[in-house]
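Reading the structure
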Amino acid sequence: MWRLANHVRRYAWGSTTEIPRLLGTEPDGQPQAELWLGAHPSAPSRIADGAAPVGLDAAIAADPVAALGSDVAENFEERLPFLLKFLAVDQPLSLQAHPSKERARAGFAAEEAAGVPVDAPHRNYRDANHKPELVLALGEFEALCGFRSPSAAAADLAGLASPLARALLADLSASDPSEALRSAMTRLLTLPADDRAALVTETTAELAGRAAPLPRHLRAVLDLAERYPGDPGAVAALLLNHVVLRPGQALFLPAGNVHAYLGGVAVEVMAASDNVLRAGLTAKHVDPEELLRVLDYTVLPVPYVEPVVRDGLLEYRPEIDDFALVVAEPGDKAVWLPEGPAIALVLDGSVELHAPSEEILALSRGESVFLSAETGSVLVSGRGRVVVATVAHPPTAARSTPRDDNRWPAVHPALDPVNPR
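Nothing here was measured: the structure is a model prediction, and the numbers come from that model.

Let's talk about the UniProt feature "domain: Mannose-6-phosphate isomerase cupin" (unreviewed entry) in the chain
When the UniProt feature table is mapped to this numbering, "domain: Mannose-6-phosphate isomerase cupin" (unreviewed entry) covers residues 322–389. Measuring from the first to the last C-alpha atom of residues 322–389 gives 10 Å, for a span that is 0% helix and 63% strand.

Next comes the structure, spelled out in structure tokens:
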């Protein structure tokens, strides 16, 4: 078990208080948006034990089989396949999507061949990996996520007289829903530069003039229009599902799912990638043409991930090999954590981790640890809430942990776990 020190990423949309509150540090008045826990080369966690901190990426590279296990090391090219983040969203993020693995490989190779520096602001593909994501709300969390039906979007535009609204209504009337959404999204993201701001502003002004009270999803559109005047991404929000997650609810965002986080605090686990294709609602580089190529225009239900309660754990397991997310709240009974490789972050309270042949590791709010494959089975006890990112192993119920293994010390009765093996 390796105690971790993690990087805080400072983006303009971040909260000034939520990450300091998690870490028990004083706010410095500047936005702190993401806490990264993982081995991504742009901001790897550091192993905090010992005199000289070592990057988690370097530690894994030194012995990938011990750190990851032979199967994970082989299947993921000896790299930790996931990245865990704590998100503190105070202002809306950009309208964005992530590429498939095939598109990422092709895009990365093309930009490498063109000699675009990997840290260039205008670079699209910073690595060759896909970036499916799962976001778990810790409080009320507001987001735009995937395309809703063209008829629902058309209903919001009905009665508007602006040229852009009328053109979008024509696009959305196509008989094929996917083609209708493709046409409308393409129109919005390729508006002529000279006319773009006026067309968007006229449309959002008409929306704002509607009789109150406006539904929450239209209020979100107008908030985006106020924050980013003349940005077509605000009107594009009309095409998307507006979602307000309650604590404990989760979304899975596969490749091609257009989305934007609007506000709230959450944890997020994703494939270990930093590939983001943006189309608007940001001062960062945007590439509408590339985004339009990768989008999935299918109308689908909101992609909630329903958790499974198993052996005292709450497990979120989308259909993806790279990761799963597990929440543990041991309380009166200790529980087994997922086997490594895994990263555990304490969200509330304090806990103790018990592993064979290792000293008990005490962790409190904001502290984290890497559990290697070599660590084996780990019990967590105490009064706290722990979120754990791991590879999509078989569910915990399908694995066994020998209680008579001679590596285990005698277990105190208070540590008798839920459903002991």
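Looking at the confidence of the model for the chain
This prediction gives the chain a mean pLDDT of 90; 93% of its residues lie at or above 70. Here residues 395–414 scores under 50 on pLDDT; set against residues more than four positions off or in separate chains, the count is 40 contacts.

A few points about the pattern of salt bridges
The tally for this structure, following the rule as stated, stands at 21 salt bridges. Close ionic contact of arginine 103 with glutamate 290 constitutes a salt bridge, the shortest N to O distance being 2.9 Å. Residue arginine 103 is found in helix 5 (residues 101–113), and its partner glutamate 290 is found in helix 12 (residues 288–294); the two are separated by 187 residues along the sequence. Using a relative accessible area of 6% as the deciding quantity, one classes glutamate 290 as buried. For arginine 187, the salt bridge identified is with aspartate 171, shortest N-O distance 2.5 Å. Of this pair, arginine 187 sits in helix 8 (residues 177–189) while aspartate 171 is found in helix 7 (residues 163–172), placing the two residues 16 residues apart along the sequence. The partly exposed category is assigned to arginine 187, whose relative accessible area is 33%. In this structure, a network of salt bridges that share partners links the residues Arg103, Glu290 and Arg293.

Focus on helix 5
Between its first and last C-alpha, helix 5 extends 18 Å over 13 residues, near the 18 Å set by a 1.5 Å rise per residue. Within helix 5 the residues assigned to the buried category are Ala104, Gly107 and Glu111. Mapping the buried residues of helix 5 onto a view down its axis gives an arc of 75°, with all of them on the same face. Looking at helix 5, the residues exposed on the side facing more than 90 degrees away from the buried face are Glu102 and Ala113.

About the cut-offs
- Residues numbered from 1 in each chain as written.
- Predicted model: local features only at pLDDT ≥ 70, side-chain atom pairs only at ≥ 80, totals over all residues.
- Heavy atoms only, no water.
- UniProt positions renumbered as here; feature names shortened; annotations may be inferred.
- Helix = DSSP H or I, 4+ residues; strand = E, 2+ residues; numbered from the N terminus.
- pLDDT = per-residue confidence, 0-100.
- Contact = heavy atoms within 4.5 Å.
- Salt bridge = Lys/Arg side-chain N within 4 Å of Asp/Glu carboxyl O.
- Buried < 20%, exposed > 50% of the residue type's maximum accessible area, 1.4 Å probe, protein only.
- Expected span 1.5 Å × (residues − 1).
- Arc of directions from axis to C-beta.

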